[in-house]
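Here is what each chain is made of, one letter per residue.
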Amino acid sequence: MSKKLSVLVLTMVLLLTVTLVGCSKKLEPKEAVTNGTANAMKLTSYESKSQFTVKDLTITSASVPSEQSAMVTSMLKNADITLDGVYQKEPLQSEMTLGIHLKGDLSTSFTIPMVMTKDKLYVKIPNIPFYPLPQEVVGKFLIIDPQELAKQSGQEFNPASMDQEKSQKFANEVIAAILGEYDQATYFFDIDPKDAKLPQGIKAKQVVQFKVTNDNVKPAVDTFVTKAIPKAIDVMSKDEYISLFQLKKEDLTAAKLAVETNTSDFRKKLDELKNYLTVKQFDINTALNKDDIPVYQDLNANVEMNDPTTKDNVKLSVTGYTQYSKINEKATFKVGIPTGDQVLTIEQFQQKMQTVAP
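Remember, predicted model here, so these are calculated numbers, not experimental data.

A. Molecular detail of helix 5 (residues 164-180). Taking 1.5 Å per residue as the helical rise, helix 5 with its 17 residues ought to reach 24 Å, and the 24 Å between its terminal C-alpha atoms agrees with that figure. Taken together, the buried positions of helix 5 are Q168, F170, V174, A177 and L179. Contacts from the buried residues of helix 5 go to helix 2 (29-41), strand 2 (80-88), strand 7 (188-191), helix 7 (217-236) and helix 8 (239-242).

Next up, the structure:
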């Protein structure tokens, strides 16, 4: 082999090696989640599927009658909440179907489809067994026009609030600011994808776990209130975002000052928290694909609160997941944008409700 050919082959091998390493390189856990969140904001379309289950719920309180708390816990225990959606960035259109599935003595299920466009929201009126509605409205889509609502309430409509791109950019900066305050070594961990119990079909390059334990829950809450919230307020105060909320900078400055000046009182209450809060488990796993896009997240939370002063006791165990698919593919909508006699305005809905009022 000639010297030139040897150099060429070596160069190609090195380039191939760099390319392969670059494709499989894992970021530091916190950076991976922050980067993944930013990438998710840039998606042009996707489908999502979420489910959350109340595994356990117990409430005992001197201020709430035992019969009432028993009815609530019986209704919500083992309840499933589902949310299936399709999103398209241009032109903006998304639809979600919220499903509520109650178990126990009050076992029932109903779904609420919702459609959102650039300037309107459509919500399908469900048939709720324990809250019957007139048949003339059930199955129709209630159209919610923010501009019309503002006009009716005598307020000035804020077109900036409908700026999806700016809202996404704002959310990305806020999440990055909040995560930036949490110590990586304490809260973020790499999980081997083989040990992450991912659903079949999910291919993950990296799985990152955000974990709060009984040992670090106090500093975690402290960090959120005293550091993360002020940083989030700083983001809100930026000239490019303040128009989203129709707030004045002086209001945000006052809010930030209120948080910062009340930290001593808050920390005193936080010290008391360790006496009655037990975190048995709280972790969020995020699976990132080869493009560093979050394709799956799951939550496992199991906490107890036993306040010795009020005698209020709460046990809550929740599991859930969100899975993304068909990323940046052509969006296929199942509901579509409601039209014609499918739609009811708020005024029409109110009129029909009044005709059946007792």
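Having seen it, we continue.
B. Inspection of the pattern of salt bridges at higher detail. Under the definition given, this model contains 19 salt bridges. Linking D80 and K103 is a salt bridge whose minimum nitrogen-to-oxygen distance equals 3.4 Å. Taken as a pair, D80 in strand 2 and K103 in the loop between strand 3 (93-102) and strand 4 (108-117) lie far apart in primary sequence, 23 residues in all. Classification of K103 by relative accessible area gives partly exposed; the value is 32%. Where D234 meets K256, a salt bridge forms, and the shortest distance between an N and an O atom there is 2.8 Å. Remark: K256 occurs in helix 9 (residues 249-261) and D234 occurs in helix 7; sequence separation between them is 22 residues. One network of salt bridges, with partners in common, ties together D119, K120 and D145.

C. Main features of the side chain of T322. Here T322 shows up in strand 11 (residues 313-325). Looking at T322, its side chain comes within polar contact range of the side chain of S50, at 2.9 Å. Contacts of T322, omitting those with residues within four sequence positions, involve K49, S50, F52, V295, Y296 and Q297.

About the criteria used
Residues numbered from 1 in each chain as written. Predicted model: local features only at pLDDT ≥ 70, side-chain atom pairs only at ≥ 80, totals over all residues. Heavy atoms only, no water. Helix = DSSP H or I, 4+ residues; strand = E, 2+ residues; numbered from the N terminus. Expected span 1.5 Å × (residues − 1). Buried < 20%, exposed > 50% of the residue type's maximum accessible area, 1.4 Å probe, protein only. Contact = heavy atoms within 4.5 Å. Salt bridge = Lys/Arg side-chain N within 4 Å of Asp/Glu carboxyl O. Polar contact = N/O pair within 3.5 Å; in protein donor to acceptor, adjacent residues only side chain to side chain.

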